[in-house]
Amino acid sequence: MAHSPANGHAHPGHSADVTKRDLLQLIAGAGAAIGAGAIAWPLIDSMNPAKDVLALSSIEVDLKPVVAGQGITVVWQGKPIFVRHRTPEETKDVRATKMGDLLDPQTDQARVKAGHDDWVVLIGICTHLGCVPLGNKPSDPRGDYGGWFCPCHGSAYDVSGRVRRGPAPTNLPVPPYAFESDTKIKIG
Amino acid sequence: MAGMHKSEIANPVLNWIDSRLPVITMMQKEYGVFPTPKNFNYFWNFGALAMVNLVIMILTGIFLAMNYQPNTELAFDSVQRIMRDVNYGWLIRYVHQNGASMFFIVTYIHIFRGLYYGSYKTPRELLWMLGVVIFLLMMATAFLGYVLPWGQMSYWGATVITNLFSAFPWIGPKIVTLLWGGFSVDNPTLNRFFSLHYLLPFVIVGVVFLHIAALHIVGSNNPLGIDVKGPQDTLPFHPYYTVKDSVGMCVYLMVFAAFVFFAPNYLGDPVNFIPANPLQTPAHIVPEWYFLPFYAILRSVPDKLLGVCLMFGSILLLFILPWLDTSPVRSARFRPIYRILIWVLVACVVVLGFCGARPPEGIWVILSRICTLYYFAHFLVILPILGKLERPLPLPESISQSVMGGGGGGPMPSGAHAKPMEKA
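Nothing here was measured: the structure is a model prediction, and the numbers come from that model. (Residues numbered from 1 in each chain as written. Chains lettered and ligands numbered in written order. Predicted model: local features only at pLDDT ≥ 70, side-chain atom pairs only at ≥ 80, totals over all residues. Heavy atoms only, no water.)

Caption draft 1: Representation of the interface of chain B and chain A. Residue-level contacts link 12 residues of chain B with 13 residues of chain A. At the junction of chain B and chain A, the tally comes to one salt bridge. When the shortest N-O distance is used, the salt bridge between B:Arg81 and A:Asp52 registers 2.6 Å. Remark: the boundary between chain B and chain A carries four residue pairs in polar contact (both at pLDDT 80 or more). Among the secondary structure elements, those contributing two or more residues to the side of chain B that touches chain A are helix H3 (46-65), helix H4 (75-84) and helix H5 (89-117) of chain B. Its residues placed into classes, the side of chain B that touches chain A shows seven nonpolar, two polar and three charged. (Contact = heavy atoms within 4.5 Å. Salt bridge = Lys/Arg side-chain N within 4 Å of Asp/Glu carboxyl O. Polar contact = N/O pair within 3.5 Å; in protein donor to acceptor, adjacent residues only side chain to side chain. Helix = DSSP H or I, 4+ residues; strand = E, 2+ residues; numbered from the N terminus. Nonpolar A, V, L, I, M, F, W, Y, C, P; charged D, E, K, R; others polar.)

What follows is the structure, given as structure tokens:
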């Protein structure tokens, strides 16, 4: 079929004529691709967290029962969360650490909320291979740095949750949280 | 290298694959150039639609199974969680639920095509019988699937149908206990029904593969029921029937979408929104619409064992249909009496369907009995006799002659010497 310049389908440099069949094939192919996407997306998205799972994605923790020097463990999104109420001495000591001594340098101030310096909230999963470090229960060993000690391979964390001795490579992560009042935090 | 397939494909990567596993050559042969009669009407679309439907059911079923809990304490609520909390769960569930109905609509029309055009006759007997196997597997799958939401109708439908097997003498009750895994339909039953419901569709896939393989050996039938004589009677499957099937698929998807988005519970029973209660039987136990004719046959006779035998017999009968129908002519277009009687059969099955939905009393029992009798008479009495007595219309010379020469499907032009009639 001769390609007419008047019909506006000019393809400069395209040596063979573009036919109606090519257009139809393009439209059919595009339609099929869009259809396939429209079918695939709901199926795949159904695997994303459902609304009831998302509803459990934030929790509130009451801090009143946690005395200075004590740590508790709560569960958030299936993970253990350490909430430790540090004594002022512990806070002062941990802030005196030199950045050069840290495996993963980070200031303590960057890891706690201003005005609530004695509270540290961490995801309690060792950054080495995922064990839950010891240190919250009063009977637990707290390691050489007074924070947490991972029994699996010997990583030690300070009271800011920063790694001081490996094989863990990075500090214990801080989850998203905020103080709703002086005695209540909301995690997530 | 010895044994490798000599692939004709230009692209080097595809050629490498194809010479070691000729899937591309196979697809080109079976769905690309495959010579297909050129006179197909839209009735021939329904096999392909059934295949699409099967894929849809498997896909939606797999994703539903990610959230469904096959435990009597949790099943009903897990379905509600899918409907309310899982992203697009409502859509996946409604597609799966209405997809079952669509599967039976498509399959019943596909079977009708076979009956009307004589697609079960030689050399397609085995093809037909594989189809009946697929139909039986579909019914088993649908029954198992309906139990899973664990509503009132799920539970009581399961109880009624599993109890049927107690009709068999001596071993009946033992079979029922084996099916139940206990002393009534309960958690072990639900758990195994889930396992089997997941399994059977893949068995169906296997039998569908055989069904299509059997078809491709003998080639498709066509509305005239006469054999393909040569390339002038056929068209390559692609692009003619790939495109025509796409058109049919669009219409099918529109009907499907109308149910899913505008009337998703129209074909269902509201009683199934009540969680299963073993201590309370619903006033009317009714299966899904696609089982109603068989349900009517089951209840048409007062004797339990005879009812069970008639119900299963009505489907098993289809296996021997190629030998019951003695007519040498395939297509009903050239069988003036059969052409009418097949619609009578359809009406009879529809009436049975209505009877199946009603309580088995009064006029419904009478109608069930008449129609059950007619159904069996059609296959066991009428068809064998009709083939011998019916005077068929003259068959056309060939497919292309009937399509190209004036008027489709007519006899030879007047004045020409009538050739001997074509045998099936």
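What follows continues from the structure just given.
Caption draft 2: Representation of the side chain of B:Ser101 in the model. Residues and elements named next belong to chain B. Turning to its location among the elements, Ser101 is positioned in helix H5. By relative accessible area, Ser101 is classed as buried at 3%. Only 2.9 Å separates the side chain of Ser101 from the side chain of Trp289, close enough to count as a polar contact. Setting aside residues up to four positions removed in sequence, Ser101 forms contacts with Leu267, Trp289 and Tyr290. (Buried < 20%, exposed > 50% of the residue type's maximum accessible area, 1.4 Å probe, protein only.)

Caption draft 3: Representation of the pattern of salt bridges in the model. Residues and elements named next belong to chain A. Scanning all chains against the criterion turns up 13 salt bridges over all chains. One salt bridge connects Arg95 with Asp108, and the closest N-O pair in it is separated by 2.8 Å. One end of the pair, Arg95, is in helix H3 (residues 88-95); the other, Asp108, is in the loop between H3 and strand S4 (119-123), with 13 residues separating them in the sequence. Judged by its relative accessible area of 29%, Arg95 falls in the partly exposed class.

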